[in-house]
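An overview of the molecular structure
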Amino acid sequence: MRRLPPLTAIEAFVQVARLGSVKAASEELALSSPALSRRVQALERFIGKQLFERRHQAMKLNAEGERLLGLIAPALDTMSDAIESMNSGTEVLRLRLGTPSLFASQRLLPYLTALRAVHPQLHLDIDTGGHGMSRLGDGLDAAIVLARDIEPTLYGRRLDRNRIRPVAARRLAHGPEAIGRPEELAGYSILAHRDMADSFEIWRAALGLPDLEPVSIDLFDSGSLLLEAAAQGVGIAFMLDSHRIDPDDPRIGTLFGEPSVKSPYSYWFVCRPRALEQRPVKLFHDWLIGLFDIEG
């Protein structure tokens, strides 16, 4: 059997890589910072390569470290799950899932009890940190992303199709102060999600209003914050019609009736092709596709 580095050194490397600092990783592993640093250095000596760019307050993976993390982190997680299943007496299947926060709150969390009833052994670690496609295999097993299309090297399954929905504070959607015509948006700031930053331009072009210029276009990386900003009158949020707006919500409303402009953006389930061979990914994928077939 080939000689391997100590498992404690590998564990220290993975924690520092995922958390970005020795201090945070040492707290996670209940070690002193010097002890954790020695374990990382021991792994670097064993491999014969530097794995991090060291800075004053943080440690950032270099190219060699990125490559090693992608190779060993899934195996380490599998080992952890195996130990957990032995301790509990039941098989534990863990899925590290990336998802936008608004999708999670509106379209995933309400159904997780049903998922647990069907697959009680399947557990989700939900990550709303963004950049889901680029983090597959590096902290995420699968992701739900908002995109026009999916990189050809990945497996992707479209979950919905959408129209563009302008959303504003209730007083701007109903009543004497309501915005009645698209041309009136010239006096307001437009709010858009960073993953579909050109939604206003698409909507404007479809309505034949190329000269319509708002005060500004401000970008958010959270759909939940986008809705909250619209509710507080910060600007007009350009959302998707799959982003649910409660018609009885006293703070917010939809402009111009039912959405008429098609959006090129959809929610997708994505993973690396080989990840579908992993049971947690396959179980969740099949359940999710069934759920959206029912919703559709």
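As a reminder, the structure under discussion sits directly above these lines.
A brief report on the enclosed structure follows. (Residues numbered from 1 in each chain as written. Predicted model: local features only at pLDDT ≥ 70, side-chain atom pairs only at ≥ 80, totals over all residues. Heavy atoms only, no water.)

1. Regarding the nonpolar core
Heads up, the rule is: Residues belong to one nonpolar core when they are buried, are Ala, Val, Leu, Ile, Met, Phe, Trp, Tyr or Cys, and are joined through side-chain atoms within 4.5 Å. Exposure is judged per residue with a 1.4 Å probe applied to protein chains only, and the accessible area is read against the type maximum: over 50% gives exposed, under 20% gives buried, and values in between give partly exposed. Secondary structure elements follow DSSP: runs of H or I of four or more residues count as helices, runs of E of two or more count as strands, with numbering from the N terminus. Two residues qualify as a contact provided that any one of their heavy atoms is within 4.5 Å of a heavy atom in the partner residue.
In terms of nonpolar packing, the biggest core is built from 27 residues, with Leu95, Leu122, Leu159, Phe269, Phe284 and Leu288 touching the most fellow members. Residue assignment for this core shows that the elements contributing at least two residues are β3 (93-98), α5 (101-108), β4 (122-127), β5 (142-147), β13 (266-271) and α10 (279-295). In terms of residues, this core owes the most to one element, α10, which gives eight residues. Excluding residues that lie within four positions of it along the chain, Leu95 makes contacts with Leu122, His123, Leu124, Asp125, Asp141, Ala142, Pro280, Val281 and Phe284. Core analysis: the next-biggest nonpolar cluster, separate from the first, contains 22 residues, Ala12, Val16, Phe52 and Met59 among them.

2. Focus on the side chain of Arg204
Selection rule: Definition of a polar contact: a pair of N or O atoms within 3.5 Å, with one able to donate and the other able to accept a hydrogen when the atoms are protein atoms, and with sequence-neighbouring residues admitted only if both atoms are side-chain atoms.
Tracing the sequence through the fold places Arg204 in helix α8 (residues 199-206). Within the local environment of Arg204, its side chain forms a polar contact with the side chain of Glu213, the two groups lying 3.4 Å apart. Those residues within four positions of Arg204 in sequence are excluded, and the remaining contacts are Leu209, Pro210, Leu212 and Glu213.

3. Comments concerning the packing of helix α2 (residues 22-29) against helix α3 (residues 33-47)
Short version of the rule: The axes used here are C-alpha line fits, helices contributing only the stretch in contact, and every angle between their N-to-C directions lies in the interval 0 to 180 degrees. By definition in this entry, angles of less than 35 degrees are roughly parallel, angles greater than 145 are roughly antiparallel, angles of 65 to 115 are roughly perpendicular, and the rest are oblique. Classification convention: Asp, Glu, Lys, Arg as charged; Ala, Val, Leu, Ile, Met, Phe, Trp, Tyr, Cys, Pro as nonpolar; all other residues, Gly among them, as polar.
Put simply, α2 and α3 touch, their axes get as near as 9 Å, and they point 100 degrees apart. Considering the angle they form, α2 stands roughly perpendicular to α3. Packed against α2, whose contacting residues are Val22, Lys23, Ala25, Ser26 and Leu29, the element α3 presents Ser33, Leu36 and Ser37 at the interface. When grouped by side-chain class, the residues that make up the contact of α2 with α3 number four nonpolar, three polar and one charged.

4. Brief notes about the sheet that holds β13
Rules: When DSSP finds at least two bridges between two strands, those strands are taken to pair.
Pairing is mixed in the open sheet, where five strands are placed in the order β4-β3-β5-β13-β6. At either margin of the open sheet sits one strand with a lone partner, and together these are β4 and β6 (155-158). Pairs of neighbouring strands in the sheet enclose a mean axial angle of 25 degrees, with direction left out of account. As defined by bridge partners, β5 adjoins β13 across five bridges and the pair is classed as antiparallel. Across the sheet, the residue bridging to Ile144 is Phe269, located in β13.

5. Section: unusual backbone geometry
Phi angles above zero are rare outside glycine, and Ala30 is one such case at about 55 degrees. Assignment of secondary structure puts Ala30 in the loop between α2 and α3. Unusually for a residue other than glycine, His131 sits at a positive phi of about 55 degrees. Counting through the fold element by element, His131 comes out in the loop between β4 and β5.

So yeah, pure geometry; function would need other evidence.
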